[in-house]
Amino acid sequence: MPLPAGVTSAADATFADHPDLPTHRRATFARRLERYGPDLLAGLETVYPGRAEEVAARAVEIAAAGFAARSEELHDLDERRLLEPDWIQQPRMFGYACYADRFGGTLRGVEERLEHLRDLGVTYLHLMPLLQPREGDSDGGYAVADYRRVREDLGTNDDLASLATTLRGHGMSLVVDLVLNHVAREHPWAAAARAGDPTYRDYFLVFQDRTVPDDYERTLPEVFPDFAPGSFTHDPDLDAWVWTTFNSFQWDLNWANPAVFAEFADIVCHLANLGVEVLRLDAIAFLWKRMGTDCQNQPEVHALTQALRAVARLAAPATLFKAEAIVGPRDLVPYLGVGDHTGRVSDLAYHNSLMVQIWSMLATRRTDLARHALAGLPATPPAGTWITYVRCHDDIGWAIDDADAAALGLTGSGHRHFLAEWYSGLFPGSWAEGLVFQHNPATGDRRISGTTASLTGLGAQRRDPDGARARTFLAHAIAAGWGGVPVVWSGDELALPDDPDWDTEPGHESDNRWAHRPRLTDADLARRHDRDSDAGRTFAALAHLARVRAGLPQLHASAPVTVLPDVADGVLAVARHHPSGPFLGLYNVTPDPQPFLAHRAYGVGLRRLHNVLGGHDLTHGPDGVLWLPGYAAWWLV
């Protein structure tokens, strides 16, 4: 698609203000505009028909300003990333996610604890929300009051840029949250709207009475039914109702207003120029509102992401996008790009379905539901990459698809009820000690909070320590062997149980997710060296996964994945096909030995059965049966 002259010339005035910008840099931007300008315009035409050229021209100006302000070091990083466009898909990628204050106290404190991350094998560090939030309850930092300033207690923008530089020196990429759906009620945009400024009032979704909100509410789910029911809040300063999907102090943005798009294009460039290499696009599924729907996963969401990504590619192609879309299995893959958006939207997306199925398999000791659900997912596009994980900062919502459950003779609601009972420790025989989060009496849904240790049997009551350690390794082996970027949640590498004092911190009293967001002490970190402790054994096991994984080209994220059918009920078998050779992950989700027919391994192309996790060849008897020990995880190459 040829670009209109108004778009191609939009950078000229910006570059005129930067006379020292070298000629080769200007030529680089022109080539990028030729490549990514059509993506920008196409995305904008979907959401702003009739105004797309005007909005695109403004976006190019913003990208040009960000490009001109970019440091030489980051321009060099852009070139290196463009020379290795699949860098995020490499098997050396191994992630860690934490709150900066709960891991290191401050950004400088995080820097001082990098040895812990290096020992674990981390190459991808996600620091949870660190931009300035509102005072008091901020939903864990997701109610942002200033996108251009680091939280005062963590440090400064210079500290963040310094940390990003130091991380790169250690082969680690910095990941930071960018909350797209909403801002804090105290954000300057919202403050101006409350003061009566019509320009900023149009940044939000404001209604004079309940007529339209009530029409929307008929099809909207409640995110926080316990402490924030409904999706609209009456604001006394506005004397009107404002859309608040999450909490009353988080105002949803009106992305139908192109001024909001321009604001975030500028914010993307600002964060990229601080050295952020991955932006986690928080609550991205909720951006576009449409009457009669659940206002999630609308087509405009992907068009907006495509346009924002084009801005990032123009200004800072080393910066990737990660979609935080915790949605049903069928809605996941579009966030990595399908159809016209293939290769043009987010580079990464959370594999929420895999996470839920891991916990389901451990509780049921069966893999039939997981095999059906995971095999039914569409293939990811070649450039799209999963984030795989066992736990995250959030609660676990039991996203079991009703159709998947029905195919196995189950009901979705019944299985979700069972999982909630099991992981809250109420089901007979459960080893879990999770906490119920957001019980919705109307639907029966109950989400679960808890560290991996607490959910596997290493909680305060230590219901099954030996089984818990095995289950923890098995779960992380499934995530790390799937492909993509496996991410370990802070504290899980040390087998930390739930924080018993989670509700004593101001603002945390009603949110038990803080139970699985522990503060790591020096003593906690030191225990990784004690191989006789739960912490030391778990840390060594996960570090072993990272080391082995880094040497396996078969775990490049682009390799196609096949879930093998017709295996023993307690076995999950996952084959990956890569030009370097096949890979077969075998996982026994039960405590008892399980059979696997060796000819199935030879059938995926393996000529010799070598388990790289154990460092030994496998043999079988005349009957051709391999026996997986209880909770075994084998990576065969």
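Cut-offs applied
Residues numbered from 1 in each chain as written. Predicted model: local features only at pLDDT ≥ 70, side-chain atom pairs only at ≥ 80, totals over all residues. Heavy atoms only, no water. Helix = DSSP H or I, 4+ residues; strand = E, 2+ residues; numbered from the N terminus. Buried < 20%, exposed > 50% of the residue type's maximum accessible area, 1.4 Å probe, protein only. Contact = heavy atoms within 4.5 Å. Pairing = 2+ DSSP bridges. Phe/Tyr/Trp six-rings, centres within 6.5 Å; stacked < 30°, edge-to-face > 60°. Lys NZ or Arg CZ within 6 Å of the ring centre and 35° of its normal. Axes fitted to C-alpha atoms, helices over the stretch in contact; angles between N-to-C directions. Left-handed = near helix turned anticlockwise from the far one by under 90°. Nonpolar A, V, L, I, M, F, W, Y, C, P; charged D, E, K, R; others polar. Core = buried A, V, L, I, M, F, W, Y, C linked by side-chain atoms within 4.5 Å. Expected span 1.5 Å × (residues − 1). Bend = angle between axes of the 7 residues up to and from the residue. Salt bridge = Lys/Arg side-chain N within 4 Å of Asp/Glu carboxyl O.

S.K.: Help me understand the environment of Trp634, please; the structure alone is not making it clear to me.
M.R.: Position of Trp634 among the secondary structure elements: in strand E25 (residues 633–636). What makes Trp634 buried here is its relative accessible area of 10%. The sequence separation of Trp634 and Asp395 amounts to 239 residues, and the corresponding C-alpha distance is 29 Å. With sequence-adjacent residues up to four places away left out, Trp634 is seen in contact with Leu584, Gly585, Leu586, Asn611, Leu618, Leu626, Trp627, Leu628 and Pro629.

S.K.: What is the right way to read the pairing of strand E5 (residues 173–179) from this model?
M.R.: Side-chain positions along a regular strand alternate between the two faces of the sheet. Of all seven residues making up E5, seven are buried, and the element is well covered by its neighbours. By the alternation rule, side chains of E5 split into Ser173, Val175, Asp177 and Val179 and Leu174, Val176 and Leu178, which are all buried. Note that strand E2 (residues 124–127) and E5 share four bridges and pair parallel. In the strand pairing of E5, Tyr124 is matched with Ser173. For E5 and strand E11 (residues 278–282), the ladder comprises five bridges, and the chain directions are parallel. Of the residues in E11, the one forming a bridge with Val176 is Leu279.

S.K.: I'm lost on the packing of aromatic side chains in this one. Help?
M.R.: The description of an aromatic ring pair rests on the distance of the ring centres and on the angle between the ring planes. What the rule picks out here adds up to 30 aromatic pairs. With a centroid separation of 5.9 Å and an interplanar angle of 70°, the aromatic rings of Trp189 and Phe264 are classed as edge-to-face. Residue Trp189 is found in helix H10 (residues 188–194), and its partner Phe264 is found in helix H13 (residues 258–272); the two are separated by 75 residues along the sequence. One exposure class covers both Trp189 and Phe264, and it is buried. For the pair Trp398 and Tyr423, a centre-to-centre distance of 5.6 Å together with 25° between the ring planes defines the contact as stacked. Note that Trp398 is positioned in the loop between strand E14 (385–389) and helix H18 (402–407) and Tyr423 in helix H19 (residues 412–423), a separation of 25 residues in sequence. Tyr423 sits in the buried class, given a relative accessible area of 0%. An aromatic cluster of at least three residues, connected via ring pairs, comprises Trp359, Trp398, Phe418, Trp422, Tyr423, Phe427 and Trp431. The side chain of Arg134 reaches across the aromatic face of Phe249, ending 4.3 Å from its centre. The positively charged end of Arg528 is found above the aromatic ring belonging to Phe539, 5.7 Å away from the centroid.

S.K.: Is there a simple way to explain the packing of helix H3 (residues 23–47) against helix H4 (residues 52–69) in this structure?
M.R.: How two helices pack is summed up by the angle between their axes together with the distance between the axes. The interhelical angle for the contact between H3 and H4, taken along N-to-C directions, is 145°, at an axis separation of 10 Å. Of the two possible hands of crossing, H3 and H4 adopt the one that is right-handed. Contact residues: H3 offers Arg25, Thr28, Phe29, Arg32, Leu33, Leu40, Leu41, Leu44 and Glu45, while H4 offers Ala52, Glu53, Val55, Ala56, Ala59, Val60, Ala63, Ala64 and Phe67. Among the residues forming the contact of H3 with H4, the class breakdown is 13 nonpolar, one polar and four charged.

S.K.: Would you take a moment to explain the nonpolar core for this structure?
M.R.: A general feature of soluble globular proteins is that nonpolar side chains tend to end up buried together. If you look at the biggest cluster of nonpolar residues, it comprises 190 residues, and the most contacted ones within it are Trp255, Phe261, Phe264, Tyr423 and Trp635. With 11 residues, H4 is the largest single contributor of residues to this core. In contact with Phe264, other than residues within four places in its own chain, are Tyr147, Leu178, Val179, Leu180, Trp189, Leu253, Trp255 and Leu308. Membership of the second largest hydrophobic core comes to 20 residues, among which are Val567, Ala568, Leu609 and Leu636.

S.K.: Would you explain the environment of Gly104 in this entry?
M.R.: Mapping Gly104 onto the fold places it in helix H6 (residues 100–104). Taking the C-alpha atoms as reference points, Gly104 and Val574, 470 residues apart in sequence, are found 37 Å from one another. When near neighbours in sequence (up to four residues on either side) are disregarded, Gly104 contacts Gly109, Val110 and Arg113.

S.K.: Before we go on, may I ask you to explain H3 in this structure?
M.R.: Because each turn of an α-helix spans 3.6 residues, side chains separated by three or four positions end up pointing in the same direction. Compared with an ideal rise of 1.5 Å per residue, which puts 25 residues at 36 Å, H3 spans 35 Å between its outermost C-alpha atoms and is within 8% of the ideal. The sharpest bend along H3 comes to roughly 45°, located at Tyr36, with the proline Pro38 sitting one to four residues further on.

S.K.: Help me out: how do you make sense of the pattern of salt bridges in this one?
M.R.: This structure, assessed with the given rule, holds 51 salt bridges. Linking Arg344 and Asp39 is a salt bridge whose minimum nitrogen-to-oxygen distance equals 2.8 Å. Linking Arg344 in the loop between helix H15 (329–332) and strand E13 (348–350) with Asp39 in helix H3, this pair joins segments that are 305 residues apart in sequence. Under the relative-accessibility criterion, Asp39 is labelled buried at 7%. Between Asp347 and Arg309 there is a salt bridge, with the nearest N and O atoms lying 3.5 Å from each other.

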